[in-house]
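Examining the three-dimensional arrangement
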Amino acid sequence: MIGQKEYKKRRDKLAKSLSENSVGILFSASYRPRSNDTEYPYRQNSNFYYLTSFKEDNSCLVIVKTTKGVKTILFVQAKDKQKELWNGKRLGEKEAEKIFLVDEVYAITNLEEKLKKFLQTSKNLYFDFGLEYSKMKVLKRYAKGIAVHQNIAPLVNEMRLIKSVAEIALIKKAINITKKAHHKAMSFSKANKNEYELQAEIEHVFKSNGAYSDAYTSIVACGNSANTLHYIENNKPLQDNELILIDAGCEYEYYASDITRCIPVNGKFTEVQKELYNMVLDVELKIIEMIKPNMLRNDLQKKSEELLCQGMVKLGILKGNYKKLIKKQEHKKFYPHGIGHWMGIDVHDECPYKYDNGDEIPLRKGMVLTIEPAIYIDKDDKSVPKKYRGIGIRIEDDILVTKEGYVNLSYEIAKSIEEIESLSLS
Ligand code: GLY
Ligand code: MN
Ligand code: MN
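In this report, we go over the structure that sits alongside the text. Nothing here was measured: the structure is a model prediction, and the numbers come from that model.

About the cut-offs
- Residues numbered from 1 in each chain as written.
- Chains lettered and ligands numbered in written order.
- Predicted model: local features only at pLDDT ≥ 70, side-chain atom pairs only at ≥ 80, totals over all residues.
- Heavy atoms only, no water.
- Core = buried A, V, L, I, M, F, W, Y, C linked by side-chain atoms within 4.5 Å.
- Buried < 20%, exposed > 50% of the residue type's maximum accessible area, 1.4 Å probe, protein only.
- Helix = DSSP H or I, 4+ residues; strand = E, 2+ residues; numbered from the N terminus.
- Contact = heavy atoms within 4.5 Å.
- Near = heavy atom within 4 Å.
- Polar contact = N/O pair within 3.5 Å; in protein donor to acceptor, adjacent residues only side chain to side chain.
- Nonpolar A, V, L, I, M, F, W, Y, C, P; charged D, E, K, R; others polar.
- Donors = N, O, S within 2.8 Å, 3.2 Å for Na, K, Ca; no water.
- Tetrahedral: all angles 85-135°; square planar, octahedral: opposite > 155°, others 65-115°.

On to the nonpolar core. Among the nonpolar cores identified, the biggest contains 115 residues, and I375 and I393 are the most heavily contacted of them. Top element by residues in this core is helix 8 (residues 165–188). It accounts for 11 residues. With near-sequence residues (within four places) excluded, I375 lies in contact with L276, M279, V280, M312, I317, F334, I391, G392 and I393. With 21 residues, the next largest nonpolar core counts I25, V62, I73 and I108 among its residues.

And the structure:
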């Protein structure tokens, strides 16, 4: 639970970074139509949620900054019995005023008139440049005559880089539920069940533990399917003696978890799978060990490529001097992605990786990132010894940067071969 004072502090901080005589606007997310009159599940816009904790659509946060000071105004849907009958309860202005520590609350129907007034004396308009077209059109209509348009999203995204104690607690809660789900998958998997049955078990654990949603579409990829990075079909039978790559994490109260584990369908790793698995695991543990303030993510990336490349040479997957192989980027065929990414309200938190001057932002206390080295060997890759073909392995944990170094927030999720086998066979 994050208290309303924290949301107010965030708005105050954002207001500080706006120029004087400005209006900043953030909109809620819109419903996305699936077809005809059905919609995809609704999720609030991440930046709007970060600044308000308000979950309803058709709402708007306005920050007005003048020489006299800052005013924050929330626009919400007015109560409407008929609409609430169809689409659920609305908080309404009166209740919103009691809960949110903003200066004023109005019904969203007043937005146009109020905005016109605020914008009369304003020189800068801040809004999210990624806004959907319809909202953008309306905004531009209100904002005629304002010379400076600025993107508000990067300012909020930067604030989201450092997680507060309350945010970290929610991430931990999400990870704890995800732990249960992965452990369930380990004990549930069996030949001839289908990938989607495993997915259903995982997502059942999410929901029955209070995580309303997944943080991203679960990947349950048996055998060679693991070599498709964004495999989400999840519709093939589990084959005896294969590994299943499971990349699944729940979202708890708007905070993500992002965990990948690889588990044997029948509970026992083969000797060949063990060789590859332990090679990737060794790299993962070494990279996590490097995490501390001032470390650059790019150095983690380079080190992971170097270690994976060395490991591949040792196993005969790549041939030659590893430095030369790296120079020629030969390893990229087997490890084509990044070592990890920011995580928070979004699984790929939209926080910046670089300063405006292009330099990389170093790790700092309170950042949360994933570490996810991998090796993918396609079943048809004749350059690789036959025994390794058709195996894809990724191991992913969620790491908090601390003053001294790091905490692996997902350390309780079974990861060594012994741990996984013991859960799989239980
Ligand atoms: N689950 C998405 C990722 O690992 O980045
Ligand atoms: Mn990830
Ligand atoms: Mn993942």
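This paragraph deals with the site of ligand 1. If you check the shell around ligand 1, you find Y216, D247, D258, H341, H348, E372 and E396 and nothing else. Here an oxygen atom of ligand 1 sits 3.0 Å away from a polar atom, N or O, in the side chain of H341. Split by residue class, the shell around ligand 1 holds one nonpolar, two polar and four charged.

Here we take up the coordination of the manganese ion (ligand 2). Within the first shell, the manganese ion (ligand 2) binds the protein through D258 (OD), H341 (NE2), E372 (OE) and E396 (OE), at distances of 2.0 to 2.3 Å. Metal-centred angles of 52 to 154° between the six donor atoms at the manganese ion (ligand 2) mark the site as irregular. Site description for the manganese ion (ligand 2): donor spacing in sequence, D-x82-H-x30-E-x23-E. Between the two metals, the manganese ion (ligand 2) and the manganese ion (ligand 3), the spacing is 3.3 Å, and D258 donates to both.

Below, the discussion takes up unusual backbone geometry. A positive phi angle is found at N36, which is not glycine, with a value near 40°. Counting through the fold element by element, N36 comes out in the loop between strand 2 (33–35) and strand 3 (38–39). Positive phi, close to 55°, is recorded for N58, a residue that is not glycine. Within the secondary structure layout, N58 lies in the loop between helix 2 (46–52) and strand 4 (60–66). Judged by relative accessible area, N58 falls into the partly exposed class, the value being 41%.

The topology assignment puts Q199 in helix 9 (residues 195–208). Residue class for Q199 comes out buried when judged on its relative accessible area of 16%. Those residues in contact with Q199 that lie beyond four places of it in its chain are S218, V220 and N234.

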